[in-house]
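# Descriptive analysis of the structure
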Amino acid sequence: MKENVVIIGGGPSGIEAARRIRNFGYTPILIEKELRLGGHLAQWDRLFPEGVYAKEVLQTLLSDMDGIKWFTDVQILTINRLKDTYVIKLTNGISVQSKAVLITTGFQLFQAEKKEEYGYGIYNHVITNADLERYFQNRKDSRIDDPKVIGFVHCVGSRDEKAGNRQCSKVCCATAVKQACEIKQLYPDATVYCFYMDLRMFGRRYEDMYLAVRQRRLPANLPP
Amino acid sequence: MIFQGKQKIWSDYQKDIPDDHYFYVRSCIRQNFFPASEQTFLDIVHNRLGKDFYETPHHTTCGGIAYHGEAIPQETVMTIIARQFALMTESGYENYVCSCITSFGLYTETMDDWRNFPELEAKIREDLWKACRREFKVPKYLAHASDVIYKFRNEIAERAKFRLVNKETGEPLRVVEHIGCHYSKMFPSKGIGGAEYPYVLAGMIESWGGEVIDYPERRHCCGFGFRQYLVKANRGYSISNTYKKFESMEPYKPDMIITNCPGCPFFMDRWQYVIAEQTGKTYGENGYGIPVFTYEEVAGLVLGYNPWDLGLQIHQVAVEPLLDKIGIPYDKADKYKGKNGKLLRVPEYPMNIKCC
């Protein structure tokens, strides 16, 4: 009988880890607190820098789940370490014995309302990157009403000692530039501004995306 | 505006304000700028609300202007503050209330520093003892005088003879609330409502019938900024700040401005005259400018005090159009009479901003 490996968190990291662990001959068991697998990826519309649809990436990941078990809408109650195994008790009443436990719980989005000066949750037309991704997915958000001027404020909650985050998020510059392109596609007459401390384009082809935008052309690889 | 969002922030930033028994210290510059405000405050708390407020003629400046003007070091200002606390302790009080926002910020900063660096407090205690043989207790509660009026705003509303309402239309007056920078920008948790959406004046305005205006530069400095004005060569920065604020609030057509800082009402009032002289532009209705008040003056107005007893005749921007709008009676002939009934000198009229 194959040994279990419990993976806490059913986002893309957890799913990809499960596939790899399965290939090593174990039985991965994914534990996901949400109703479905996918994590933040399922909430996103398109991904930088190429503009690939997040759902396509997720579908690719989920297309090869043979030999992987998963529980959704479930949380961990307790983890007990025995001599050479772990016993994980779940909120659905099931207990799992596992050779190892892998934590792939991902990240929590910064709570934008903590930066009170931007008025998220106070002013009608202040939204976050995540809100905008949901809008791109379903085109429904009462806060977005044929905007004429749009500003992206970078680094909110990042590189910010008062927010307890001295580090750069490494993703919000690329996200904001990508979204600036997308919203410009949706509202060609709108003027889009990006307000930043520095632009930090980590990763392959991120800089290409930025340079294309600087030259006032949308990256060709962003699908309409 | 998402009102629930503001309510959540307001509920996050509340502070304990004692019910009674306060040691009160005045501001240095308000005595000259708006001399009736503190007297009105004391009259309201003593005679209208029946509260115990004690003040002593032995208290001095907190040292804030010199400190923020970089003329004295922190240890000096802390020793001055320690002496003020000693006066409170000797008088048998533990609730400290100051009239000045700069003082409030400085007391808050000092008490916070002492909490974090007890050795600094020990040194200041030693310095105070060497200087004047006094000892002190740190106040149990520190409040700004506007916190006190905020706490009793509904009691004042119950006793009000007038409300911040246009008597002709029945519509609430549109009011800009301007908070002194040192009230909560340094220590948001010490101010009612925090730093970004302070509620201390907004609460008064709502209780007294007005409507608070939100505008882009609502948290911008009034223009005083200490070194912006105290250093004469920097005064262009001072008026530029004020100009920026008025340009920002103008589209929202405010009827009046309420402030809780010594410098803010002075600069927002006087610089309107200078802007009008320099550019010909005025911001209020019919060329009069937007009247600027201290919260004590507004409390006095709604309670039915005589506007000239509140010192409104020394404002640069004429207050009469607003008094007429609310329906507050006043005698024009008394405007420039002293307390003894004798006519004081009548000021010259400015060129561009209309006065009554």
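Before reading further, recall that the structure is shown in the block above.
Predicted model, so just to flag it, every value in this text is computed and none were measured.

## Concerning the nonpolar core
One finds B:Ile81, B:Val97, B:Val175, B:Ile205 and B:Ile258 to be the most contacted residues of the largest nonpolar core, which totals 98 residues. Both domain 1 (15-145) and domain 2 (146-334) of chain B contribute no fewer than three residues apiece to this core. The next biggest cluster of nonpolar side chains, apart from the first, holds 13 residues, and it includes A:Ile15, A:Ala18, A:Ile29 and A:Ile68.

## Here we look at the environment of B:Gly180
Residue and element names in this part refer to chain B. Mapped onto the secondary structure, Gly 180 falls in the loop between strand S5 (174-178) and helix H10 (181-184). Classification of Gly 180 as buried rests on a count of 26 C-beta atoms within 10 Å. If we ignore the near neighbours within four places in the chain, the residues touching Gly 180 are Ile 101, Asn 260, Cys 261 and Cys 264.

## Considerations on the interface of chain A and chain B
In this assembly, six residues from chain A lie in contact with eight residues from chain B. The residue makeup of the side of chain A that touches chain B, split by class, is two nonpolar, two polar and two charged.

## Regarding helix H1 (residues 12-23) of chain A
Compared with the 16 Å implied by 1.5 Å per residue over twelve residues, the 17 Å span of H1(A) between its first and last C-alpha is a close match. Just beyond H1(A), the residue with positive phi is A:Gly25, at close to 100 degrees.

## Considering the sheet that holds strand S3 (residues 95-98) of chain B
All names here are of chain B. One open sheet accounts for four strands, arranged S2-S1-S3-S4; its pairing is parallel. Each of the sheet's edge strands pairs with one partner strand only, and the pair in question is strand S2 (53-54) and strand S4 (141-144). Judged from the four bridges that link them, S3 and S4 form a sheet pairing that is parallel. Looking at the pairing, Tyr 96 lines up with Leu 142 of S4. On top of the sheet, helix H6 (residues 101-116) reaches strand S1 (22-25), S3 and S4; it is set at about 155 degrees to S4, its chief contact.

## Considerations on the pairing of strand S10 (residues 149-153) of chain A
Summarising the sheet, S10(A) and strand S11 (residues 191-195) of chain A pair through five bridges and their orientation is parallel. Across the sheet, the residue bridging to A:Val153 is A:Phe195, located in S11(A).

## Observations regarding the packing of helix H3 (residues 129-138) of chain A against helix H4 (residues 172-186) of chain A
Axis angle and axis distance: for two packed helices, these are the angle between their axes and the distance between the axes, and together they describe the pair. Residues and elements named next belong to chain A. For the pair H3 and H4, interaxial distance at closest approach is 11 Å and the crossing angle is 35 degrees. Once H3 is placed against H4, the crossing between them reads as left-handed. Contacts between H3 and H4 involve Asn 129, Leu 132 and Phe 136 on the former and, on the latter, Cys 172, Thr 175, Ala 176, Gln 179 and Glu 182.

## Thoughts on unusual backbone geometry
Residue and element names in this part refer to chain A. Cis geometry is found at the peptide bond from Phe 48 to Pro 49, where omega equals -5 degrees. Summarising the element assignment, Pro 49 is placed in the loop between strand S3 (46-47) and strand S4 (52-53). The backbone phi angle of Cys 155 is positive, close to 65 degrees, even though this residue is not glycine. Tracing the sequence through the fold places Cys 155 in the loop between S10 and H4.

Quick notes on the rules
Residues numbered from 1 in each chain as written. Chains lettered and ligands numbered in written order. Predicted model: local features only at pLDDT ≥ 70, side-chain atom pairs only at ≥ 80, totals over all residues. Core = buried A, V, L, I, M, F, W, Y, C linked by C-beta atoms within 7 Å. Buried ≥ 20, exposed ≤ 12 C-beta atoms within 10 Å, placed from the backbone. Domains from an automatic or database assignment. Helix = DSSP H or I, 4+ residues; strand = E, 2+ residues; numbered from the N terminus. Contact = placed C-beta atoms within 7 Å. Nonpolar A, V, L, I, M, F, W, Y, C, P; charged D, E, K, R; others polar. Expected span 1.5 Å × (residues − 1). Pairing = 2+ DSSP bridges. Axes fitted to C-alpha atoms, helices over the stretch in contact; angles between N-to-C directions. Left-handed = near helix turned anticlockwise from the far one by under 90°.

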